[in-house]
Amino acid sequence: MTARLPKVSSTVSSKVSGKVSGTAPARAVRHYVQREVSSTVHGSGSLDLERYSEPPGDPGLFGPDSVTWRVHADAPGMLMGGFASLMLQSLHPLAMAGVDQHSDFRQDPVRRLNRTVAYVVSTTFGGTAVAEAAIAHVRDRVHPHINGIAPDGRPYSAEDPHLLTWVHIAEVRCFLAGYERFGAPPLTPAERDRYFRETAEPARRLGARDVPQSAAEVAQYLHDMRPELRITEAAIEGIHFIRTFGANPQERAATRVLMNGAAALLPDWAREPLRLGRSDAARLLVDRPLAQAAGRALRWAMEPSLIVAAAYGRMGLTPPGRR
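Residues numbered from 1 in each chain as written. Predicted model: local features only at pLDDT ≥ 70, side-chain atom pairs only at ≥ 80, totals over all residues. Heavy atoms only, no water.

Explanation requested: the overall build of the protein in the structure shown.
Summing up its helical and strand segments, the protein has 16 helices and two strands in all. Taking 2.2 N^0.38 as the reference for a compact globule, 323 residues should give roughly 20 Å; the C-alpha atoms of the protein span a radius of gyration of 19 Å, in line with that estimate. Along the first, second and third principal axes, the C-alpha set of the protein runs to 55 × 45 × 40 Å. Put simply, the protein has 323 residues, and 46% of those count as buried. Restricting to contacts in the protein with at least 6 residues of sequence separation, those with at least 24 account for 76%. By element, 57% of the accessible surface of the protein is carried by carbon and sulfur atoms, the whole surface being about 15300 Å². (Helix = DSSP H or I, 4+ residues; strand = E, 2+ residues; numbered from the N terminus. Rg over C-alpha atoms; globule rule 2.2 N^0.38 Å. Buried < 20%, exposed > 50% of the residue type's maximum accessible area, 1.4 Å probe, protein only. Contact = heavy atoms within 4.5 Å. Areas by Shrake-Rupley, 256 points an atom, 1.4 Å probe, with all protein chains shown as cover.)

What follows is the structure, given as structure tokens:
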């Protein structure tokens, strides 16, 4: 760690605290939420902020003027969008077979979450070398080992460009939906197209092909993919596992709120086969208000994150103000 990193941390804390109620109870609640969410999302170890604060002036793959930085800096959108993307991805039988047969999410779901988050934040907010190393690690060291035969007898491979494009589009489509659904200022149509165009680059580097690069192309892609999608027992089991995850009743209740909020981000045609058991009335009158309240709490407690602050600091900038 360089001497700059503690300074980044203290600066962020002081700036955020100044915008939150100055009472000791409010600060204590905020710090508690920060600690609990960060330890779950990033792991219990200390964050290696040097990955995001160095080298000075390096914009990485996107940079502070990108729509990607804006969308991926939004804590509730990314968290609930991430859950939604897992559900949507699971509808492809070959993609789900790879998860079911090779992932350790049942034995260590938090570690699986940590690895996924580390990849997204490294490729988004890391310097160029950090982002390229993260892509190379997944492309050259992880994906070659993920292959096999799905229960329906078809072979699958994590290196398949078709599956890579599916996983990518399900992910960024849900990230964007989460960003706009849970209180962030909506993007213009041109900004939505720019987001898909920007995020297509790391997907291509990972091996995806024919990646949609506009909102219209993404909508058409999802329509064209529907004949390939169907629910499997592995998908039902995996989603049930995630929806009931938690070490205690409080954690399980929080997970259920987030998962119900995530389900609301899915295309209408995707919810029924996933057997989420929520009526339209429940989604509108219960799930959405609870998820929006959770989103406001997360935004109050978590933004700007130390990672985002370090990335902006690398560019000599102050992170945008909290909403």
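Would you mind going over unusual backbone geometry with me for this structure?
Backbone geometry follows two general trends: most residues other than glycine have a negative phi, and most peptide bonds adopt the trans configuration. Note the cis peptide between Glu-54 and Pro-55, where omega equals -10°. The residue Pro-55 is located in the loop between α3 (50–53) and α4 (67–72) in this model. For Asp-210, which is not a glycine, the phi torsion comes out positive at approximately 55°. Within the secondary structure layout, Asp-210 lies in the loop between α10 (189–206) and α11 (215–225). Of note, Arg-275 is a non-glycine position whose phi angle comes to about 55°, a positive value.

Looking at this structure, how should I read the pattern of salt bridges?
This model, assessed by the stated rule, comprises twelve salt bridges. The partner of Arg-205 in a salt bridge is Glu-132, and the shortest N-O contact between them spans 3.2 Å. Of this pair, Arg-205 sits in helix α10 while Glu-132 is found in helix α8 (residues 128–142), placing the two residues 73 residues apart along the sequence. In this structure, Arg-283 engages Asp-280 in a salt bridge whose closest nitrogen and oxygen atoms are separated by 2.5 Å. A residue pair is termed a helical-turn pair when its members lie 3 or 4 positions apart in one helix, as Arg-283 and Asp-280 do in helix α15 (residues 280–302) at three residues. One salt-bridge network, held together by shared partners, links Glu-132, Glu-201, Arg-204 and Arg-205. (Salt bridge = Lys/Arg side-chain N within 4 Å of Asp/Glu carboxyl O.)

Help me out: how do you make sense of α11 in this one?
Because an α-helix packs 3.6 residues into every turn, residues spaced three or four apart end up facing the same way. Of all the residues in α11, the buried ones are Val-218, Tyr-221, Leu-222 and Met-225. Buried residues along α11 cover an arc of 95° about the axis, so they all sit on one side. Structural note: α11 exposes Ala-216 and His-223 on the side pointing more than 90 degrees away from its buried face. Contact partners of the buried residues in α11: α9 (161–181), α10 and α14 (268–271). (Arc of directions from axis to C-beta.)

Is there a simple way to think about the environment of Ala-184 in this case?
Tracing the sequence through the fold places Ala-184 in the loop between α9 and α10. Take Ala-184: its relative accessible area is 5%, and that puts it in the buried class. As for Ala-184 and Phe-105, which are separated by 79 residues in sequence, their C-alpha atoms are 30 Å apart.

Quick question: what am I supposed to make of the packing of helix α2 (residues 24–42) against α15 here?
Packed helices, taken two at a time, are described by the angle their axes make and the gap between the axes. Relative orientation of the contacting elements α2 and α15 amounts to 100°, with a least axis distance of 9 Å. With respect to each other, α2 and α15 are oriented roughly perpendicular. Along the contact surface, α2 presents Ala-26, Val-29, Arg-30, Val-33, Gln-34, Val-37 and Ser-38, while α15 presents Leu-298, Trp-300, Ala-301 and Met-302. A per-class count over the contact of α2 with α15 returns eight nonpolar, two polar and one charged. (Axes fitted to C-alpha atoms, helices over the stretch in contact; angles between N-to-C directions. Parallel < 35°, antiparallel > 145°, perpendicular 65-115°, else oblique. Nonpolar A, V, L, I, M, F, W, Y, C, P; charged D, E, K, R; others polar.)

So what exactly am I meant to see when it comes to the side chain of Ser-103 here?
In this structure, Ser-103 sits in the loop between α6 (93–102) and α7 (109–125). Relative accessible area serves as the criterion here: at 15%, Ser-103 is assigned to the buried category. Beyond its immediate stretch of four places on either side in the chain, Ser-103 contacts Gly-98 and Arg-112.

Looking at this structure, how should I read the nonpolar core?
Generally speaking, soluble globular proteins have nonpolar side chains that are buried together. Residues Met-87, Leu-88, Trp-166, Tyr-195, Leu-266 and Leu-274 are the most contacted members of the largest nonpolar core, which totals 65 residues. When residues in this core are grouped by element, the largest group, ten residues, is from α9. Not counting residues within four places of it along the chain, the set of residues in contact with Met-87 comprises Ile-239, Met-259, Ala-262, Ala-263, Leu-266, Leu-274 and Leu-276. Within the second largest apolar cluster, 13 residues are counted, among which are Leu-49, Tyr-52, Phe-62 and Val-308. (Core = buried A, V, L, I, M, F, W, Y, C linked by side-chain atoms within 4.5 Å.)

Is there a simple way to think about the packing of aromatic side chains in this case?
Think of a pair of aromatic rings as described by two things: how far the centres are apart, and how the planes are tilted against each other in angle. With the rule as written, the count across this model stands at three aromatic pairs. Measuring from ring centre to ring centre gives 5.4 Å for Trp-69 and Phe-125, while their planes differ by 50°; the resulting arrangement is tilted. Of the two residues, Trp-69 sits in helix α4 while Phe-125 sits in helix α7, which places them 56 residues apart along the sequence. Taken individually, Trp-69 and Phe-125 each receive the classification buried, so the pair is uniform in this respect. (Phe/Tyr/Trp six-rings, centres within 6.5 Å; stacked < 30°, edge-to-face > 60°.)

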